[in-house]
Amino acid sequence: MWLFQADLSGLRVAVLGAGKIGSVFIERLSGHVREVLATGRRPETLARAEELGATPLRDNARAASLADVVIVSVKPHHLPEVLREIHGHVSGKIVVSIVAGVRRATLQEVLEGATVFRAMPNINARVGGSATAVADSGDYDPKSRAVVEALFSRLGSVYWVPEEWLDPWTGLVGSGPAYIAEIIDGLVLGAVSMGLPREVVYRAVLDTLKATAELLANSDRHPAVLRDEVTTPAGTTIHGLKKFEEMGVKAALMSVVEAASVRGKELGDAIDAEVRRRLGLARRER
Ligand SMILES: NC(=O)c1ccc[n+]([C@@H]2O[C@H](COP(=O)([O-])OP(=O)(O)OC[C@H]3O[C@@H](n4cnc5c(N)ncnc54)[C@H](OP(=O)(O)O)[C@@H]3O)[C@@H](O)[C@H]2O)c1
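Just so you know, the residues in each chain are numbered from 1, in the order the chain's sequence is written. Only residues with pLDDT of at least 70 get local features here, since the model is predicted, and only at 80 or more are side-chain atom pairs given and counted; chain-wide, interface and lining totals rely on the full set of residues. Computation of side-chain values: all heavy atoms of the structure, hydrogens and water removed.

A.B. asks: Teacher, can you tell me more about the packing of aromatic side chains here?
C.D. replies: Between the rings of Phe, Tyr and Trp (Trp by its six-membered ring), a pair exists once the centres lie within 6.5 Å; its type follows the angle of the planes, with under 30 degrees stacked, over 60 edge-to-face, and the other angles tilted. A full pass over the atoms with the stated rule returns 4 aromatic pairs. Summarising the aromatic geometry, the rings of F25 and F152 are spaced 5.5 Å apart at their centres and angled 85° between planes, so their arrangement reads as edge-to-face. One end of the pair, F25, is in helix 1 (residues 20-29); the other, F152, is in helix 6 (residues 142-153), and 127 residues separate them in sequence. Three labels apply to residues, based on accessible area from a 1.4 Å probe with only protein chains included: buried if under 20% of the type maximum, exposed if over 50%, partly exposed otherwise in between. The class of F152 is buried, set by a relative accessible area of 1%. Of the aromatic side chains, those joined through ring pairs into one cluster are F117, Y140 and W160. Sitting over the face of the ring of W160, R145 holds its NZ or CZ atom 4.5 Å from the ring centroid. Counting as a charge over the ring demands two things of the Lys NZ or Arg CZ atom: a distance within 6 Å of the ring centre and an angle within 35 degrees of the ring normal. If you follow R198 out to its NZ or CZ, it ends over the ring of Y202, 5.7 Å from the centre. Helix numbers and strand numbers start at the N terminus; a helix is a DSSP run of H or I with at least 4 residues, a strand a run of E with at least 2.

Below is the structure:
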């Protein structure tokens, strides 16, 4: 429950780096804000941004000057140059970085005068299904928070979390679509090996996945309750579940998330340190 319900319709939003995720912002914000400005380096990047509804610009500083809210969506190795360009053009504005790894304190140190947010959406934003984490600093003014909440709500759900969660979040939610895609593929291949046609079972597995997620989302029940509901004594499900246990599927899934989260933290620390080094900022104690 927010004190302010932000109205986006009067805002100019600059998307610096109209790549894969930047394009999703353009698509989902166009028509809901006053104007989306988008930057990129290659003519084809700018042409695609324009097709999606943005005003294309080559100059990050100009885009930042014209905008009320600046979303930074370049790869980490391009971040130092972009921060140098927009420094001095974002005072009093909201800047949201979705660049993996780079800490909010680092961004804030360079962009004095701006209200800096750090967020981690995922690619499901394309269909309005991102589970976006936004690092909650606690001292944001309610209006800025409401604007960021409203902007990311265009992409899906918004979770305000401690900043330390963003690296493990990347390992679970950022990488999540890849894990789910692998699980879907495995289930489909199992059916194909039993002689069922791939094209049919693929759609059926997707239907099953979507409806199972909906059933769980619409109830407070633990997933194990749903599992038990469909597990008839001596039936098919218990025979399948026994294989889950024998093959260590649940332990494997836990290890997948742990490994990706540990890697997320390693990468985050390394990326942040490198960005700080390139910006000439003091090393931070870990
Ligand atoms: N992809 C995702 O699902 C996702 C999810 C969460 C967070 N992120 C974060 O979002 C960032 C972008 O990821 P991505 O997958 O969208 O990468 P991407 O497709 O490579 O997009 C990056 C874009 O930045 C542009 N760019 C590079 N240097 C620039 C500069 N100096 N000024 C303006 N634009 C510049 C590139 O333009 P040109 O193509 O014209 O060179 C490119 O279009 C990364 O930091 C990543 O951690 C991505």
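That was the structure; now back to the text.
A.B. asks: Explanation requested: the sheet that holds strand 3 (residues 55-57) in the structure shown.
C.D. replies: Strand pairing in a sheet is mediated by backbone hydrogen bonds. Such pairs are either parallel or antiparallel. Two strands make a pair as long as DSSP finds a minimum of two bridges between them. Read from one edge of the open sheet, 8 strands run 3-2-1-4-5-6-7-8, paired in mixed fashion. The open sheet has two edge strands, strand 3 and strand 8 (156-161), and neither has a second partner. With strand direction ignored, the average angle separating the axes of adjacent strands in the sheet is 25°. Bridge count between strand 6 (residues 115-120) and strand 7 (residues 130-135): 2 bridges; the pairing is antiparallel. Its bridge partner being in strand 7, M120 is matched across the sheet by A133. It only takes one pair of heavy atoms within 4.5 Å for two residues to be counted as in contact. Here the axes come from fitting lines to C-alpha atoms, over the contacting stretch only for helices, and the angles between their N-to-C directions go from 0 to 180 degrees. Across the face of the sheet, helix 1 comes into contact with strand 1 (12-16), strand 2 (35-39) and strand 4 (69-72) while running at roughly 160° to strand 1.

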